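Residue strings, one per chain:
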Amino acid sequence: MAETKEKSLSDEKPKPRVRPIVRLGIFLISHSFHVSVVCCTAGVLALFLLPVLAKNTYISENALMPGSASPMLSNQHVSDGNRLVKDLTNPNSKSSETGIESHKIIAQYMLDLGAEVSFHKFHPQMNQFHPLHFFSSPDSGKIQENYSCSSYGINTVGIIRAPRGDGKEAIVLVTPYNALKSGFGEALSLGIAYSVFSLLTQVTWLAKDIIWLVADSQYGEYAAVAAWLREYQTPKFSSLSTPNAEMCPDVNNLFELKGHSISGSKFSNSFRRAGTMAAALVLKVRDQNEQFEDTISIYAEASNGQMPNLDLINVVNYLAVHRQGLRVNVEKLWSLLNSSWLKSLGEIFESLAKVAKSLYPKWKFGIPATEYVEGTATLASSLYYQALGVPTGPHGAFRDYQVDAITLEISPKFSLDKVWRNDILLRGGRLIEGVIRSVNNLLEKFHQSFFLYLLTSPSKFVSVGVYMIAFALLIAPLPMVAASLYVDANSSSNCSKGDSSTPSAITDTDEHSIAIRSWRWLNSAKLVFIVHLWGAIVSLLPYFISQIPDCSPTTSFMIWVLLSILSLLTLNSVLASPLACAKATQEKEWALVKSVTISSVFIGLGLMSVINFATAEIGALLMVPMCLLAQPLKLDVRAGTLRSFCRMICNLVLGHIAFPPAAFFLLKGMLDGFGNANVGDFWMWVESLWAWNSATYLFIGMVQLPCWVLCISILFHTC
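Residues numbered from 1 in each chain as written. Predicted model: local features only at pLDDT ≥ 70, side-chain atom pairs only at ≥ 80, totals over all residues. Heavy atoms only, no water.

Where an unreviewed UniProt entry is consulted, the chain appears under the name Glycosylphosphatidylinositol anchor attachment 1 protein, with the organism given as Gossypium davidsonii.

Undergrad: Please explain the sheet that holds strand β5 (residues 153–160) as it appears in this structure.
TA: Neighbouring strands of a sheet are bound in pairs by backbone hydrogen bonds; such pairs are parallel or else antiparallel. In spatial order, the strands read β8-β2-β5-β7-β6-β9-β12-β10-β11; together these nine strands make up an open sheet with mixed pairing. Since the sheet does not close on itself, it has two edges, and those belong to β8 (267–268) and β11 (327–329), each with one partner. One ladder, built from six bridges, connects strand β9 (residues 276–285) with strand β12 (residues 405–411); its direction is parallel. Directly across from Lys284, in β12, lies its bridge partner Glu409. Packed on one face of the sheet, helix α5 (residues 100–112) meets β2 (116–122), β5, β6 (169–177), β7 (209–216) and β8 and runs near 5° to β5. Packed on one face of the sheet, helix α9 (residues 310–322) meets β10 (295–299), β11 and β12 and runs near 25° to β12. (Pairing = 2+ DSSP bridges. Helix = DSSP H or I, 4+ residues; strand = E, 2+ residues; numbered from the N terminus. Contact = heavy atoms within 4.5 Å. Axes fitted to C-alpha atoms, helices over the stretch in contact; angles between N-to-C directions.)

Undergrad: So what exactly am I meant to see when it comes to the UniProt feature "transmembrane region" (unreviewed entry) in the chain here?
TA: UniProt's entry tags residues 21–50, 464–487, 527–545, 557–579, 591–612, 618–637, 649–671 and 691–716 with the feature "transmembrane region" (unreviewed entry), counted in the numbering of this structure. Within residues 527–545, the helical portion is 100% and the strand portion 0%, while the C-alpha atoms at the span's ends are 27 Å from each other. (UniProt positions renumbered as here; feature names shortened; annotations may be inferred.)

Undergrad: Quick question: what am I supposed to make of the environment of Met608 here?
TA: Position of Met608 relative to the elements: it lies in helix α20 (residues 589–611). Between the alpha carbons of Met608 and Val703 there is a distance of 9.5 Å; along the sequence they are 95 residues apart. Excluding its chain neighbours within four sequence positions, the residues that come into contact with Met608 are Phe613, Thr615, Ala616, Ala695, Thr696 and Phe699.

Undergrad: Before we go on, may I ask you to explain the sheet that holds strand β1 (residues 55–56) in this structure?
TA: Read across the open sheet, the three strands follow the order β1-β14-β13; overall the sheet is antiparallel. The open sheet terminates on both sides in strands that have one partner only, identified here as β1 and β13 (453–457). With two bridges connecting them, β1 and strand β14 (residues 460–463) associate as antiparallel partners. Pairing of Lys55 across the sheet is with Phe461, part of β14. Each of β13 and β14 is contacted by helix α11 (residues 369–388), which is oriented at about 145° to β13, the strand it contacts most.

Undergrad: Whenever I open this one, helix α23 (residues 642–657) confuses me. Can you help?
TA: Because each turn of an α-helix spans 3.6 residues, side chains separated by three or four positions in sequence point in the same direction. Taking 1.5 Å per residue, 16 residues should reach 22 Å; α23 reaches 23 Å between its end C-alpha atoms and fits that length. Taken together, the buried positions of α23 are occupied by Ser644, Arg647, Met648, Asn651, Leu654 and Gly655. When α23 is viewed along its axis, its buried side chains cluster within an angular range of 135° and face the same direction. The outward face of α23, more than 90 degrees from its buried face, is lined by the exposed residues Leu642 and His656. Elements that come into contact with the buried residues of α23 comprise α21 (613–629), α22 (633–639) and α26 (695–715). (Expected span 1.5 Å × (residues − 1). Buried < 20%, exposed > 50% of the residue type's maximum accessible area, 1.4 Å probe, protein only. Arc of directions from axis to C-beta.)

Undergrad: Just to check I follow, could you spell out the packing of aromatic side chains for this structure?
TA: Counted according to the given criterion, the structure contains 25 aromatic pairs. Aromatic pair Phe664 and Phe682: ring centres 5.6 Å apart, planes at 70°, arrangement edge-to-face. With Phe664 in helix α24 (residues 660–672) and Phe682 in helix α25 (residues 679–691), the pair connects residues that are 18 residues apart, well separated along the chain. Just as Phe664 is buried, Phe682 falls in that class too. On the numbers, 5.3 Å between centres and 80° between planes, the contact of Trp683 with Trp690 is edge-to-face. Of the two residues, Trp683 and Trp690, both sit in the buried class. (Phe/Tyr/Trp six-rings, centres within 6.5 Å; stacked < 30°, edge-to-face > 60°.)

Structure follows, in structure tokens:
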């Protein structure tokens, strides 16, 4: 008897213990609704808390040492810059229709300092949409075919060779200048650059070559800088370097400068280069200023949300504020500064901070309400311009080659008469001198500080480790809800077709039916795939629509809409889209479609967060609530409860807001007023996105739009 008991005990196998991580997953899936509410609320709250959590900026790279040396720029250098300003503003320098005289004056001044001077001739390139140019090399433009002598752009380049350098590194100073329509501000920016340039030809501490690029901005500041960079990084040998003297006499006269007045100098008609670019500064001066003090604005956003190393901005901010007494500005969304609800939210955070400080005096949480409003407006601007993926200045051309660059725009508070002109020349020149001196101290490229950040003020930032928390909380419910919907759809289907009261052995037929039901999600996956394929087709349609001559933006947009609808109907008929299955009698078929849709949205947002976080964050704010709340309207109507009625209203509102054109017009109306909105504005905005190869365009066409279509199909599902 004892032997049989021992044998029976030995035959019993211990039940496998469920791992804690599996238990947690089962718990989260079974309570996906509550988890979604908590995570989404926490994600939005974390986004509004970012200005409170912002940290003060600091110099990470000790070698920069900003302000460690006294400025060497003197009044003599300022007077040299003043002479250049006077010569450029002289009416005689603008006598030529092509502005050749101004280029000669600038080149002559550079040569007088002993710099190596050359002219870079370029043709403007048309930024044109092409589907294969996204994420490609920057050289994706198309040169205009019918060009003339007047279509030439001429960049004047001066190079100072560092006495202590080996020619392997360089610092670039860019001053945009339109010789045909130049204002006094552009001439003054050249005066500041020349005063610094004249100083750098005399110093002995220079270890990096200095390149001064006077960019011909008659076809746009960005186009001139991008053309020079293309030639600098990827040289091309073409007939552009030797223009026809008979066809272009003015350009030929430009080369006569070599043999006429500066024979034996360092002038060359060949393209000159220096070393690898360590950093670049774009300097501009505004003619008028609306502020009551001298200010300097910093523009840092480049294509696809790229930002320069934060240390470069920190050096400029430190030197401008603590050495030159300039007020530093970064872009803000001015419409948020007068927002009453934002001010109330800031007062709430300020009150909570006081309560927390009373409980624990060392707790440093919270900022004043006014500072919170300004920080939120700056943060929103930083998110907005990064999400657009369009550069905010010519510095964006450098980021395409992984060169840290920013644009500095100086705004004097008074009219630029002689007294204040000298003051701006001196302070602006010393600022540029200090930045160049700091970058000159670097032994390697910028790498210590942050490349992924959001600014809340010139001296405060939010790092990637902080702002990713808000995004992670927003998208965290998506995989859990997708798994919950899948389990719920299969379990309800199994229960409806089987008899739970008879736990007898499962027959072969039952096993076959269960296997079929377990693969039923492939129909929904096919639907989602076809809709995303349609999104790719919609993204390519503008390439063909843009070929239509003399087509207005409004007409192009309407053609785009009609072709998009026609292509969706064609895909549905040709590829046998399972829309009929989505309208079938199965009660939970829509849940499988929603499950696969949410999974695809989760993947799309995750990939976009790697390319451009700001686009992914704004997309998550629009798409996640719509995906989570999407449910057939018929079910809400049948339920007849207050909860179902509120969900139905939210679904209808989110369905309108998440539609890309509607979201654009809503944002444009909030910023510029709804009276200025036009149907063709959306086409022009999208046109600017694809012209700059912005990944935001692909996100809208291949992630957001298909998601919206799928959610609308779920809302109008015939259960």
